[in-house]
Amino acid sequence: MKRKNEESYTTGEFARYFGIKKDTLLYYDKIGLFSPAGVRPNGYRYYTPAQVEAFGALRSLREMNVPIQEIREYFGSPTPARLKEMAAKQAEKLQEEIRRLRETQLLFEKLAAMVAEADQAPKERVLIRSLPAARYSYSRSASSGASGIGQQWLDMYSRFLEETGATGAVPVGSIVSREDLQNRQFGRIARLFIQRRNGESVREGGQFAVIYHQGDYETVPGVYPFFLDEIERLGFCAAGDAYEDYLIAELATARPEEYVTRITVRISPK
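A quick note: this is a predicted structure, and the numbers were derived from the prediction, not measured.

Criteria and cut-off values
Residues numbered from 1 in each chain as written. Predicted model: local features only at pLDDT ≥ 70, side-chain atom pairs only at ≥ 80, totals over all residues. Heavy atoms only, no water. Helix = DSSP H or I, 4+ residues; strand = E, 2+ residues; numbered from the N terminus. Buried < 20%, exposed > 50% of the residue type's maximum accessible area, 1.4 Å probe, protein only. Contact = heavy atoms within 4.5 Å. 1 Å grid on protein atoms, 1.4 Å probe; cavity = no way out; pocket = protein on both sides within 12 Å on 5 of 7 lines; lining within 4 Å. Points joined across faces, edges and corners; volume = space filled by probe spheres on them. Nonpolar A, V, L, I, M, F, W, Y, C, P; charged D, E, K, R; others polar. Pairing = 2+ DSSP bridges. Polar contact = N/O pair within 3.5 Å; in protein donor to acceptor, adjacent residues only side chain to side chain. Axes fitted to C-alpha atoms, helices over the stretch in contact; angles between N-to-C directions.

Undergrad: Looking at this structure, how should I read the side chain of Thr-11?
TA: Secondary-structure assignment places Thr-11 in helix H1 (residues 11-18). With a relative accessible area of 10%, Thr-11 lands in the buried category. Here Thr-11 is in contact with Lys-22, Leu-25, Arg-45 and Tyr-47, once residues within four sequence places are set aside.

What follows is the structure in structure tokens.
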């Protein structure tokens, strides 16, 4: 790169100074974002020392992911007020991106925790646990209940994701109502749920019975008779809805027999 007191720089020299490709300068010129000081009679573009600082500012804005259109508009008529406005706008966007990335991080942490829990949990054994309060978002109740994880469940699932704005990677569970537990109807899904920090509803903490079942979805209803009988044998009765969490499912394995479902229900002494 020539010293700043020299007259001009070739496109290659200017590009090397900023560690970019010549094509970047040619593209910026083509779209009217940053043009050379002039073109010599032989057709070669050249840049002047006065352009170094301006291009450095442009590069800083691009490194901060400010869109090219906004940079073009700003450099068309730069003022302190417009810089302040642009900076505030970009700060707001970054804050939203930070929030989104944090939610993504928490999602991956949850998925990893679910797989670890499923790997370590004893299968087909009823456990009595004290669980803390948790926040949930719930789908609308199904008028007749969905039968297993079939088309009706998938329709509920699609509507639920759309209503909550959740992504398909968010773990969605199913609820078997307390009424159906009492009536020994275990194949119907009353509604769906997502556990989330900003959920609209709170499930109070307390004493719960938990069982981990390994097998495909069709085998889950068959777990309930044993589950409820064991709860009674241990001196309790079901006192709430049953929550089905699919800890290991399609995302984790292509073998349905390896699926792991955690069923949790609030209990009270008989």
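Right, picking up where we left off after that structure.
Undergrad: Whenever I open this one, the layout of surface pockets confuses me. Can you help?
TA: The method is simple in principle: a probe with the dimensions of a water molecule rolls over the atoms, and the space it marks as empty is what remains. Computed from the structure, the largest pocket encloses a volume of approximately 680 Å³. Broken down by element, the lining of the largest pocket gets its largest block of residues, 8 residues, from helix H5 (residues 80-120). Of the residues that constitute the lining of the largest pocket, the class distribution is 10 nonpolar, 6 polar and 5 charged. Along its surface, the second largest pocket is lined by 21 residues, and Pro-171, Tyr-246, Ala-249, Glu-250 and Leu-251 are the ones closest to its centre. Those elements giving two or more residues to the lining of the second largest pocket turn out to be H5, helix H6 (151-164) and strand E12 (236-248). Across the lining of the second largest pocket, the residue classes tally to 17 nonpolar, 2 polar and 2 charged.

Undergrad: Looking at this model, I keep getting lost on the environment of Ile-128. Mind explaining?
TA: Examined against the element boundaries, Ile-128 turns out to sit in strand E4 (residues 127-131). Judged by relative accessible area, which is 32%, Ile-128 ranks as partly exposed. Apart from residues no more than four positions distant in its own chain, Ile-128 is found in contact with Gln-207, Phe-208, Ala-209, Leu-234, Phe-236 and Ile-267.

Undergrad: What exactly am I supposed to notice about the sheet that holds strand E1 (residues 9-10) here?
TA: Strand pairing within a sheet occurs via backbone hydrogen bonds; the two strands may be parallel or antiparallel. Spatially, the 3 strands line up as an open sheet ordered E1-E3-E2, and their pairing is antiparallel. Strand pairing shows two members of the sheet lacking a second neighbour, E1 and strand E2 (38-39), which therefore form its edges. Here 2 bridges tie E1 to strand E3 (residues 45-47), and the two strands are oriented antiparallel to one another. In the sheet register, Tyr-9 faces E3, and the bridge partner there is Tyr-47.

Undergrad: Please explain the side chain of Thr-253 as it appears in this structure.
TA: Note that Thr-253 resides in the loop between E12 and strand E13 (260-269). Judged by its relative accessible area of 12%, Thr-253 falls in the buried class. From its side chain, Thr-253 meets the backbone nitrogen of Arg-255 in a polar contact 3.0 Å long. Looking at Thr-253, its side chain comes within polar contact range of the side chain of Glu-258, at 2.7 Å. Beyond its immediate chain neighbours, meaning those up to four positions away, Thr-253 contacts Ile-248, Glu-258 and Tyr-259.

Undergrad: What's the story with the sheet that holds strand E5 (residues 134-138) in this structure? I'm lost.
TA: Judged by pairing direction, the sheet is antiparallel, and its 8 strands sit side by side in the order E4-E11-E13-E12-E7-E9-E5-E10 without closing on themselves. With partners counted over all chains shown, the strands left at the sheet margins are E4 and strand E10 (201-203), one partner each. Each strand axis lies, on average, 35° off the axis of its neighbour in the sheet, ignoring direction. Across 3 bridges, the pairing between E5 and E10 is antiparallel.

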